[in-house]
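Here are the chains, one letter per residue:
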Amino acid sequence: GLVQALEAAAAQAGKWNEAVRALRIASDVAAGPEKVALLRRAAELSDQPLGKLGEARALYQRVLELAPEDPAARAAVDRSPVLELRGRNAAGRPA
């Protein structure tokens, strides 16, 4: 579908920021499970490959507001201290 085509184009061009932005915009007009899926994917891309851990955590939190039982979002938020540590280490700051 459209999301897969967007991701493929982003991967080929290395334009992950644009892909996340498009997913967030699409989620603004979506509803229900589709909205949750778009936000979850934006969070996943914010985490990897972009390494924007704060943005990823905020997006996962939004997913949990809409779908409190979402297992992927719950797992990501539960591991967020690990993500923050990984981000600090990648930035060359001491843990």
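Everything below is about the structure shown above.
Read on for an overview of the structure.

### Focus on helix α4 (residues 53-66)
Link 1 in the chain: Counted at 1.5 Å a residue, the expected span for α4 with its 14 residues is 20 Å, and the 20 Å between its end C-alpha atoms agrees.
Link 2 in the chain: Taken together, the buried positions of α4 are occupied by Leu53, Ala56, Leu59, Tyr60, Val63 and Leu64. For α4, the buried positions fall inside an angular range of 145° around the axis, keeping them on one side. With respect to the buried face of α4, the exposed residues turned more than 90 degrees away are Gly54 and Glu65.

### Concerning the layout of surface pockets
Link 1 in the chain: Here the largest pocket defines a volume of roughly 180 Å³.
Link 2 in the chain: Those elements giving two or more residues to the lining of the largest pocket turn out to be α1 (2-13), α2 (16-29) and α3 (32-47).
Link 3 in the chain: Among the elements that line the lining of the largest pocket, the one with the most residues is α3, at 4 residues.
Link 4 in the chain: Residues belonging to the lining of the largest pocket are distributed by class as follows: 8 nonpolar, no polar and 2 charged.

### Some points on the side chain of serine 27
Link 1 in the chain: Take serine 27: it is sitting in helix α2.
Link 2 in the chain: Taking relative accessible area as the criterion, serine 27 reaches 2% and is therefore assigned buried.

### A look at the pattern of salt bridges
Link 1 in the chain: Scanning all chains against the criterion turns up 5 salt bridges.
Link 2 in the chain: A salt bridge links aspartate 70 to arginine 40, with the shortest nitrogen-to-oxygen separation between them at 2.5 Å. Taken together, the residues span a long stretch of sequence, with aspartate 70 in the loop between α4 and α5 (71-78) and arginine 40 in helix α3 at a distance of 30 residues.
Link 3 in the chain: We classify aspartate 70 as buried; its relative accessible area is 7%.
Link 4 in the chain: For arginine 79, the salt bridge is made with aspartate 47, and the minimal N-O distance between the two is 3.1 Å. With arginine 79 in the loop between α5 and α6 (80-90) and aspartate 47 in helix α3, this residue pair connects regions lying 32 residues apart in the sequence.

### What about the packing of α3 against α4?
Link 1 in the chain: Their axes nearest at 8 Å, the elements α3 and α4 cross at an angle of 160°. Between α3 and α4, the angle falls in the class roughly antiparallel. For the pair α3 and α4, the crossing hand works out as left-handed. Along its contact with α3, which presents Lys35, Val36, Leu39, Arg40, Ala42, Ala43, Glu44, Ser46 and Asp47, the element α4 presents Leu53, Glu55, Ala56, Leu59, Tyr60, Arg62, Val63 and Leu66.
Link 2 in the chain: Taken together, the residues of the contact of α3 with α4 sort by class into 10 nonpolar, 1 polar and 6 charged.

Definitions and cut-offs
- Residues numbered from 1 in each chain as written.
- Predicted model: local features only at pLDDT ≥ 70, side-chain atom pairs only at ≥ 80, totals over all residues.
- Heavy atoms only, no water.
- Helix = DSSP H or I, 4+ residues; strand = E, 2+ residues; numbered from the N terminus.
- Expected span 1.5 Å × (residues − 1).
- Buried < 20%, exposed > 50% of the residue type's maximum accessible area, 1.4 Å probe, protein only.
- Arc of directions from axis to C-beta.
- 1 Å grid on protein atoms, 1.4 Å probe; cavity = no way out; pocket = protein on both sides within 12 Å on 5 of 7 lines; lining within 4 Å.
- Points joined across faces, edges and corners; volume = space filled by probe spheres on them.
- Nonpolar A, V, L, I, M, F, W, Y, C, P; charged D, E, K, R; others polar.
- Salt bridge = Lys/Arg side-chain N within 4 Å of Asp/Glu carboxyl O.
- Axes fitted to C-alpha atoms, helices over the stretch in contact; angles between N-to-C directions.
- Parallel < 35°, antiparallel > 145°, perpendicular 65-115°, else oblique.
- Left-handed = near helix turned anticlockwise from the far one by under 90°.
- Contact = heavy atoms within 4.5 Å.

Honestly, it's all geometry; don't read function into it.
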